[in-house]
Amino acid sequence: MKLFLDTANVDQVREVASWGVLDGVTTNPSLVMKEGKDFRATVLAMCELAPNVSAQVTATDAEGMIKQGEEYSSWHKNIVVKVPMTTEGLKAVKHFAQKKIRTNVTLVFSVPQAILAAKAGASIISPFIGRLDDAGEEGMALIAEIMEVWSHSDFRTEVLVASTRHPRHIVDAARIGAHICTIPYDVFAKLPKHPLTDIGLKKFQDDWKKVAG
Ligand code: G3P
């Protein structure tokens, strides 16, 4: 499973990229707003650090999405155009697929939406599991259903588990066989840690001091 960082903070991308485990970055307008930095400069800086950077269009009509998406994709080859899951978005995705521009269809909350996005030619779909959990539903059950459908289909669209909130989401996504998981920085930072690793390392260091000293 590929691991993406869900952020608009370049320092966070640099940090996780330095661990040698980063496959991509997803941004969205809310994350960009939180950082308050120039969008193009942010995306371009991230493209130097990761091979896939999703940049979201803000237009709501297909024509506007196509104009924005074509501009984004002209900035850098690593940019994936992120498009909302609407019928206008589907039209734009079809256009981008014909022009070999990679897309990530965002705000997917159901299997029918996932199927339509794949049929339109999306490179990636992003079901939001945390927000389904927030609404009292079982977000990971949606991923399981989508992967079941994919196992009977010839869709090449990658399933990206988005809106993850804790390390267990990453484990469950991997067990189900999702292709990609995007992870906020605070959750990503928890993944390398285990208290027994810290305790074990301290003991090795203390014992080695006794050997050496
Ligand atoms: O990639 C989508 C993700 O940013 C949404 O996460 O936590 O706002 O539901 P969240």
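Relevant structure appears above.
A short tour of the structure in this document, coming up. (Residues numbered from 1 in each chain as written. Predicted model: local features only at pLDDT ≥ 70, side-chain atom pairs only at ≥ 80, totals over all residues. Heavy atoms only, no water.)

With phi around 60°, Lys100 is a residue other than glycine that occupies positive phi space. Note on placement: Lys100 falls in the loop between helix 5 (87–98) and strand 5 (103–108). Looking at Lys100, the relative accessible area reads 75%, which means it is exposed. In the Ramachandran plot, Ser163 falls in the positive-phi region, its phi being about 60° despite a non-glycine side chain. As for its placement among the helices and strands, Ser163 is situated in the loop between strand 7 (158–161) and helix 9 (167–176). (Helix = DSSP H or I, 4+ residues; strand = E, 2+ residues; numbered from the N terminus. Buried < 20%, exposed > 50% of the residue type's maximum accessible area, 1.4 Å probe, protein only.)

This part is about the sheet that holds strand 2 (residues 24–26). An order of 1-2-3-4-5-6-7-8 is seen for the 8 strands of this closed barrel, with the pairing classed as parallel. This sheet shows a mean twist of 30° between the axes of neighbouring strands, independent of strand direction. Helix 3 (residues 39–47) contacts strand 2, strand 3 (53–56) and strand 4 (79–84) of the sheet and is inclined by roughly 165° relative to strand 3. (Pairing = 2+ DSSP bridges. Axes fitted to C-alpha atoms, helices over the stretch in contact; angles between N-to-C directions. Contact = heavy atoms within 4.5 Å.)

Turning our eyes to something else, we now look at the pairing of strand 7. Summarising the sheet, strand 6 (residues 124–127) and strand 7 pair through 2 bridges and their orientation is parallel. From the neighbouring strand, Ile124 faces strand 7, where its bridge partner is Glu158. Pairing analysis gives 2 bridges linking strand 7 to strand 8 (residues 180–183), with the strands arranged parallel. Note that in strand 8 the partner of Val161 across the bridge is Cys181. Where the polypeptide runs from strand 7 across helix 9 and back to strand 8, its parallel neighbour, the crossover connection is right-handed. (Right-handed = clockwise from strand over helix to strand, strands pointing away.)

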